[in-house]
Number of protein chains: 4
Amino acid sequence: MIPRYTPSDFAQLWSNDARYAAWLEVELAACEAMEGAGLVPVGTAATLRAMGLKLDAARIDEIEQTTRHDVIAFLTHVEELAGPSARWLHRGMTSSDVLDTSFAMLLARACDMLLARFGKLTAALARRADEHRHTVMIGRSHGIHAEPVTFGLVMAGHHAEACRAKARLEAARKEIAVGKLAGAVGTYAHLDPEVERRALASLGLEPETVSTQVVARDRHAALFAALALGATAIERIATNVRHWQRTEVGEAEEKFGKGQKGSSAMPHKRNPILSENLCGLARLVRAAVVPALEDVSLWHERDISHSSVERMIAPDATSTLGFMLDRGARLVDELVVYPERMRANLERTGGLYFSEALLLALVDKGQARQAAYVMVQRNAMKAIEGSGTFRENLERDDQVVKLLGKDGIARCFDLQHALRHVDGIIDRSLKGV
Amino acid sequence: MIPRYTPSDFAQLWSNDARYAAWLEVELAACEAMEGAGLVPVGTAATLRAMGLKLDAARIDEIEQTTRHDVIAFLTHVEELAGPSARWLHRGMTSSDVLDTSFAMLLARACDMLLARFGKLTAALARRADEHRHTVMIGRSHGIHAEPVTFGLVMAGHHAEACRAKARLEAARKEIAVGKLAGAVGTYAHLDPEVERRALASLGLEPETVSTQVVARDRHAALFAALALGATAIERIATNVRHWQRTEVGEAEEKFGKGQKGSSAMPHKRNPILSENLCGLARLVRAAVVPALEDVSLWHERDISHSSVERMIAPDATSTLGFMLDRGARLVDELVVYPERMRANLERTGGLYFSEALLLALVDKGQARQAAYVMVQRNAMKAIEGSGTFRENLERDDQVVKLLGKDGIARCFDLQHALRHVDGIIDRSLKGV
Amino acid sequence: MIPRYTPSDFAQLWSNDARYAAWLEVELAACEAMEGAGLVPVGTAATLRAMGLKLDAARIDEIEQTTRHDVIAFLTHVEELAGPSARWLHRGMTSSDVLDTSFAMLLARACDMLLARFGKLTAALARRADEHRHTVMIGRSHGIHAEPVTFGLVMAGHHAEACRAKARLEAARKEIAVGKLAGAVGTYAHLDPEVERRALASLGLEPETVSTQVVARDRHAALFAALALGATAIERIATNVRHWQRTEVGEAEEKFGKGQKGSSAMPHKRNPILSENLCGLARLVRAAVVPALEDVSLWHERDISHSSVERMIAPDATSTLGFMLDRGARLVDELVVYPERMRANLERTGGLYFSEALLLALVDKGQARQAAYVMVQRNAMKAIEGSGTFRENLERDDQVVKLLGKDGIARCFDLQHALRHVDGIIDRSLKGV
Amino acid sequence: MIPRYTPSDFAQLWSNDARYAAWLEVELAACEAMEGAGLVPVGTAATLRAMGLKLDAARIDEIEQTTRHDVIAFLTHVEELAGPSARWLHRGMTSSDVLDTSFAMLLARACDMLLARFGKLTAALARRADEHRHTVMIGRSHGIHAEPVTFGLVMAGHHAEACRAKARLEAARKEIAVGKLAGAVGTYAHLDPEVERRALASLGLEPETVSTQVVARDRHAALFAALALGATAIERIATNVRHWQRTEVGEAEEKFGKGQKGSSAMPHKRNPILSENLCGLARLVRAAVVPALEDVSLWHERDISHSSVERMIAPDATSTLGFMLDRGARLVDELVVYPERMRANLERTGGLYFSEALLLALVDKGQARQAAYVMVQRNAMKAIEGSGTFRENLERDDQVVKLLGKDGIARCFDLQHALRHVDGIIDRSLKGV
């Protein structure tokens, strides 16, 4: 989590202040639930809330220097601020009850912040898909011209993928929104499942089915996998932008700010640096998946090896994805599209992309596939070698003309026909939101 | 996919025979749907089916030596077998229509085979959880004795995790059961969405929302993440078995076959080799996740870089997980549990694990937490240093006796009370299946 | 290791036959060294060698069904073939003495096979670098035209990287060519360091500094890292080829076999499928690194979790890299280069790539950098907007002409001058072999 | 790089101040070299150095808000401070000349800082190896008792591995200590190889063999692999400590600070939290390897996708390893070893670990291996079943006594003999430093 790639709301979410505030929320929710169960004097939590305690993160860190235990330092500080009523906090609880429950709250919030951003990305993709439904460009497989598509169709494909990524994150959010107030080894030795249920419900969380000392870490690993899939969805958009913007292609480019300089020396340079940056960041988000998986197999009722990993990857991966979604949505929204250049590139091969249409038309007229292939190929090859356009050659090929007629040939060179289903596909994607 | 770690049904699933059979299924389903749309003479597929074509994988490979294109080799072979009616196959389709659709069929079948195995694993875990509900053992955090749990509770925790892994695989199966019959760049230039819908429905698949030349690869990456989470759930079980079986712990061990030799020289050796093997295999399944994520960002309408990756990781990761589930279910099912040894280990610390109960009892009697801690600690420390048991020391401590009475002390040393919620937790997990 | 991506020598190297043959080599080498130390009757190994034992892998596997221990099965089979003299084999040794030592032999051979292939790759790169020293093409940063380079220079860059990859593999080979004959826990309880030293020397190996039951696994992890770096070096070549071959760039392309078909329908298609394939394979080789690292931290004197991992990744990663090197060397060797197309692309921007030369010339004439930048930019921008070429505009710009003179301007447009150091750089790389 | 896991010298190394200071070093070194080549007025660098420029990182960041180009912002700020002489800086250079060269300087320094720490780790391991040469403990394979080793031998094994990790880092340092002053696409269009050579030499760097716009990224990937291997070497130590410290084993434990609390409730808890933390951190360092490998295949003469990755993983991986080495060295240095407990654990199996010695002694007396095995096993099994000790049983077994004599049996139960080579092995490792 370096400032350069951290949106401010994520910086806030993962700050010490937010962390300690979440701990206090957990303690107070637990206290209230215990009041209901008669374990703690009624009104304790209300009294503490009324004090409007202002936690001082620096002070907690200072106490931790002595206690070498962060939750004890926190409780000591709360007692400093609140006096004797604080002693009812943390009753029968273990540190992980606070840590894992508050971590679930923060991760759920991070998911919410990401889901809102996904909404912006899908909206931008939907808008561009709709705008460019009929902006024709050449489809490319292997980087080589294949058959025509539209720019809107490509955007619709990215839209569908972003929607899937969002749905996976929603599922992961549900899995991660799980806390525990089940004590040292998950047996509620000095606690009660009903107290847990109520306290967690007030925090928007479900109870862990079977806790050990901690919430099970497969839930977290599943979240990191969902984050990686989200980042990768953006990487695919960015990769396409990088291709479109290459000098020789020039079909779309990142918005170039006024006064922005591509190079200190070469005034003609406009580089797709946002997209390249997004490709790099995707590698970072992906890199969190394996450590998160390695964290799952804790020994017995838990070891603490996952903790250092999570201190790094939870802020890093969520905030980096947050940054990517912001940048990705803006990239899509502001992408400068060059329909004329698309058209010019499309025309480079003189309609060769209709060769399959001709092949099928000849087969429909009863030709064996292989024979039809030969007829198409000889006319295509001539065109490639520079003699006539593909269509001209076909119109001069007696055998072809005899079978299809000039009208039949013309029908094959029908871009609108080739793209007749594009509107339907785009609608399918946009309705899926 | 090496024989050693490949269940026979997976060997069959990923054989060339099964692969080509799936291709034929796709071609025939497409043919039937085209018949319905009037694109192909009615009855073509039925005629071909009636022939009972026996595909010869070796012959296809031989033809591919010439064509250097696997789908063309396949079609040529079908034509060899079926004669002229075969020419109606593959009409307007691109190779990826066949490849990706049949790949979806095979992956969905692999998921089904894995889901059935997950059922066996969760059943075994549920049975052992129920059987050992009240088999007390010491809970350990950081490898150090903490407070008591039961062996059934631990099994229930693994059960809950395995159920989550299964649910994720079900979700991934749904995402992956998606084919395409949308042509060279996904525009249905010579095809029709309705034909696709019908053909795929007859194969148990949904159509891709927006195809490029291929089905989007984020679906596959999501599947590999689900496989990795499944493998990791088993790794956690295996890690615990390895700990239980250590010479010094000895609380459970892998079933040792009659005539099996742990070591050629040391007759006392019984090694947890199945569990160690499962830990290694989990690393392999996890290793498929990042390549699968790298496959997503294909260039433009597709490049073929994903293909070699999938040829390796799809058979490898699914069959390795299949093997792990078989082995894992048997491991759990046959695990030899030693309740007396668990009890003996539990008693090593002379009831020190009740220290928290005493602490809370003293706090309930009005002692400040810190004062109570000191009272408990002094009696614990004496016991650790070898002078009396913890309980004896407490009963000789006037201050403690005055506050709690001997009865009060006795109540703290109540294992049944400490574990009173265990049944409820186990039921929660077992009902969740 | 699927046949599609496995060179035949690697298929042989990792066959059961080769595996068992290596075991026998180890046993005989150990036997001979023990003869020298008086532990075994002199001549035993010679007698056994003279028998020309023909190991039958299938028979060994059959015996293993009973013994469930591969090394014991092997020894039993040797005894079947050789009779009583076989009982002197394996004296005081543990299975891992045989397994790890023979594994080191096979890995060292795999390295040798890879190093020879690296030699072919670097030779091909060197040849093309030399051939195209002066074949000018535009250099691109961010996919956007920057300043000129030569195709030979690019090849020389790949050559230098391939040489580094080779050197790293040589270092890794040295680390991995290490065996052990140190017994069950590495103490030579029934063996002798001197026997180990001699036996290993005869096998071309060094002894492990400190063995546990096994050779330390950091050595293997270092090897897999070196393999991944080798695969990645080829990926970078392949990525560039894919860019060069794109329809709009067209500067180089993979050799297209006679009769090869790019597409069943589109005769104009020539796809860079070899290069795409290499990019996919690189992902697979990289995927072995993390599991290999996870294998290092075996418990105590060893657990067997590494074994399943190595059974898969050792054959997979080495043979896949072997395949990549073969394919990569041929790709480079046969790459069809289009110097005219390179020249045409270079000229697309009308010499704008000389803008930096002009900037520096103006600064050398005493202009402040910022002022010079403005002078260059205004003439560049006119050209970009379609009014005159860059050079024409400069020659019409009084201020510029006054400072540089027409001759001075001409000197800036000097491709030969811009590339005057290219020969030196290429030589630097080629001499480095 | 979070404060919790960042040694202060790494925090300083990766600060903005150090970054900009390194840029200035590069500019001045380049300036001096250009003076020597007559490209810049002699004395320029000296003049600038004499000014003792105090770079203000905040001011540079402020300027970057406008220029959106960090190197230009830096140069502008230098000009603010130094006036007109600054215009001679950066002559003919591209931003990457500064960025990559200074990055190499920082990485080389990071390597030096790590190498010094490796020295402390290997020294601690050597000291403990020497101290505990003869501290006998049971060796364990698969977590199960095998044959005796000594604690010093185990330390010597870790020592040898740490030395290998150090040597790999030294090799990686050499690879990474490479800069470039070769201009926009590596052709020295406005520069000179000799100027580069001199400037880099004064900075302690070698020139890149063939630059593109940047230094080749395989060098960086090799470094991250070396870092991961270093982290993994520490993980193996930490894993062993975690095993030794388990309640049931208790053979060694982390130093427990005065006043440190293992648990807020359980005074008997002393958890191996440092070691668990080291295991988690190793996962993080390993996670940098794949992104670093993905960074290698930049497009054409470069794209900028590697930049964001390196901004995160370079500080993260180096400082985390730095932290691990500090913590790991202290862990080893202060590890509390319990020889009596080792001896007690060793004796748990009543000398069964000598079974192989007996087997071999019987074979030496002419018994067939299988017959000898049966004799040993029947006496071992009795002992395991609780009837007599292994040795007693052997001494009562007529067949055995007849073959070996009581003396012969006694000789097999000779711990000193079994460990006679340990000193030699330890010396081999310690001399290897």
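Residues numbered from 1 in each chain as written. Chains lettered and ligands numbered in written order. Predicted model: local features only at pLDDT ≥ 70, side-chain atom pairs only at ≥ 80, totals over all residues.

### Looking at the overall build of chain A
Argument step 1. Each helix and strand in chain A was counted, giving 19 helices and six strands.
Argument step 2. Taking 2.2 N^0.38 as the reference for a compact globule, 433 residues should give roughly 22 Å; the C-alpha atoms of chain A span a radius of gyration of 30 Å, well beyond that estimate.
Argument step 3. With respect to the three principal axes, the spread of C-alpha positions in chain A is 100 × 55 × 35 Å.
Argument step 4. Restricting to contacts in chain A with at least 6 residues of sequence separation, those with at least 24 account for 75%. (Helix = DSSP H or I, 4+ residues; strand = E, 2+ residues; numbered from the N terminus. Rg over C-alpha atoms; globule rule 2.2 N^0.38 Å. Contact = placed C-beta atoms within 7 Å.)

### Some points on unusual backbone geometry
Peptide bonds are, in most cases, trans, and in most cases residues other than glycine have a negative phi.
Residues and elements named next belong to chain B.
Argument step 1. Look at Arg68: it is not a glycine, yet its phi comes out positive at around 55°.
Argument step 2. With respect to the helices, strands and loops of the structure, Arg68 is situated in the loop between helix H4 (57–67) and helix H5 (70–82).
Argument step 3. With phi around 55°, Tyr188 is a residue other than glycine that occupies positive phi space.
Argument step 4. In this fold, Tyr188 is placed in the loop between strand E3 (178–179) and helix H8 (193–202).

### A short note on the packing of helix H6 (residues 95–131) of chain A against helix H7 (residues 151–176) of chain A
All names here are of chain A.
Argument step 1. Packing of H6 against H7 leaves a shortest axis separation of 9 Å and a crossing angle of 165°. Between H6 and H7, the interaxial angle falls into the category roughly antiparallel. The two elements H6 and H7 cross, and the hand of that crossing is left-handed. (Axes fitted to C-alpha atoms, helices over the stretch in contact; angles between N-to-C directions. Parallel < 35°, antiparallel > 145°, perpendicular 65-115°, else oblique. Left-handed = near helix turned anticlockwise from the far one by under 90°.)

### Some words on the pairing of strand E2 (residues 144–150) of chain C
Residues and elements named next belong to chain C.
Argument step 1. Most of E2 is tucked away: seven of the seven residues are buried.
Argument step 2. Taken together, the five bridges between strand E1 (residues 136–141) and E2 define a ladder with antiparallel strand orientation. When the sheet's bridge partners are listed, Val136 is paired in E2 with Thr150.
Argument step 3. Between E1 and E2, which pair antiparallel one after the other, the connecting turn spans two residues, and His142 there sits at a positive phi close to 60°. (Buried ≥ 20, exposed ≤ 12 C-beta atoms within 10 Å, placed from the backbone. Pairing = 2+ DSSP bridges.)

### Digging into helix H19 (residues 422–431) of chain C
Residues and elements named next belong to chain C.
Argument step 1. All of the buried residues along H19 are Val422, Ile425, Ile426, Ser429 and Leu430. End-on view of H19: buried residues confined to an arc of 130°, all on one side of the axis. Residues of H19 that are exposed and point over 90 degrees away from its buried face: Gly424 and Lys431.
Argument step 2. Those residues of H19 that are buried lie in contact with helix H6 (95–131), E2 and helix H7 (151–176). (Arc of directions from axis to C-beta.)

### Details of the interface of chain B and chain C
Argument step 1. Residue-level contacts link 32 residues of chain B with 33 residues of chain C.
Argument step 2. Ranked by the residues each element gives to the side of chain B that touches chain C, the list is headed by helix H10 (residues 273–286) of chain B, at eight residues.

### What about the relation of the copies chain A and chain B?
Argument step 1. Expressed as a screw operation, the relation of chain A to chain B combines 0.0 Å of axial shift with a rotation of 180°, fitting to an RMSD of 0.1 Å. With respect to symmetry, the two chain copies, as superposed, fit the operation of a two-fold axis. Distance from the rotation axis, computed per C-alpha, reaches its smallest value in chain A at Ala225 of chain A: 3.2 Å.
Argument step 2. Comparing contact sets, 100% of the residues at the interface of chain A also lie at the interface in chain B, consistent with an isologous, same-surface contact. (Least-squares fit on C-alpha atoms with pLDDT ≥ 70 in both.)

### What to know about the domain arrangement of chain A
Argument step 1. Looking at the assigned domains, one finds that chain A contains domain 1 (3–88), domain 2 (95–344) and domain 3 (352–412).
Argument step 2. The gap between the C-alpha centroids of domain 1 of chain A and domain 3 of chain A is 77 Å. (Domains from an automatic or database assignment.)

### Details of the interface of chain A and chain B
Argument step 1. At the junction of the two partners, chain A supplies 70 residues and chain B supplies 70 residues.
Argument step 2. Secondary structure elements with two or more residues in the side of chain A that touches chain B: strand E1 (136–141), strand E2 (144–150), H7, helix H9 (218–245), helix H11 (289–294), helix H14 (355–364) and helix H19 (422–431) of chain A.
Argument step 3. Looking at which element gives the most residues to the side of chain A that touches chain B, the answer is H9 of chain A, with 13 residues.
Argument step 4. Residues that form the side of chain A that touches chain B fall into these classes: 33 nonpolar, 21 polar and 16 charged. (Nonpolar A, V, L, I, M, F, W, Y, C, P; charged D, E, K, R; others polar.)

### A closer look at the relation of the copies chain B and chain C
Relating one copy of the chain to the other takes a rotation about an axis and a shift parallel to that axis.
Argument step 1. With an axial shift of 0.0 Å and an RMSD of 0.0 Å, the rotation relating chain B to chain C amounts to 180°.
Argument step 2. Looking at the interface residues of chain B, 100% of them are also at the interface in chain C, so both copies use one shared face.

### Some points on the packing of helix H7 (residues 151–176) of chain B against helix H19 (residues 422–431) of chain B
The packing of two helices is summarised by the inter-axis angle and the distance between the axes.
Residue and element names in this part refer to chain B.
Argument step 1. At their nearest, the axes of H7 and H19 sit 9 Å apart, and the two run at 25° to each other. Our classification of the angle between H7 and H19 gives roughly parallel. In the packing of H7 onto H19, the handedness of the crossing is left-handed. Two secondary-structure elements touch here, H7 through Gly152, Leu153, Ala156, His159 and Ala160 and H19 through Val422, Ile425, Ile426, Ser429 and Leu430.

### Considerations on the confidence of the model for chain A
Argument step 1. Considering every residue of chain A, the mean pLDDT works out to 94; 97% of them sit at 70 or more.
Argument step 2. Scored by ipTM, the complex comes to 0.95, with pTM at 0.97. (pLDDT = per-residue confidence, 0-100.)

### A closer look at the environment of Pro207 of chain B
Residue and element names in this part refer to chain B.
Argument step 1. Checked against the element boundaries, Pro207 lands in strand E4 (residues 206–207).
Argument step 2. Placed 14 residues apart in sequence, Pro207 and Pro193 show a C-alpha to C-alpha distance of 8.5 Å.
Argument step 3. Apart from the residues within four sequence positions on either side, Pro207 is in contact with Val178, Gly179, Lys180, Glu196, Arg197 and Leu200.

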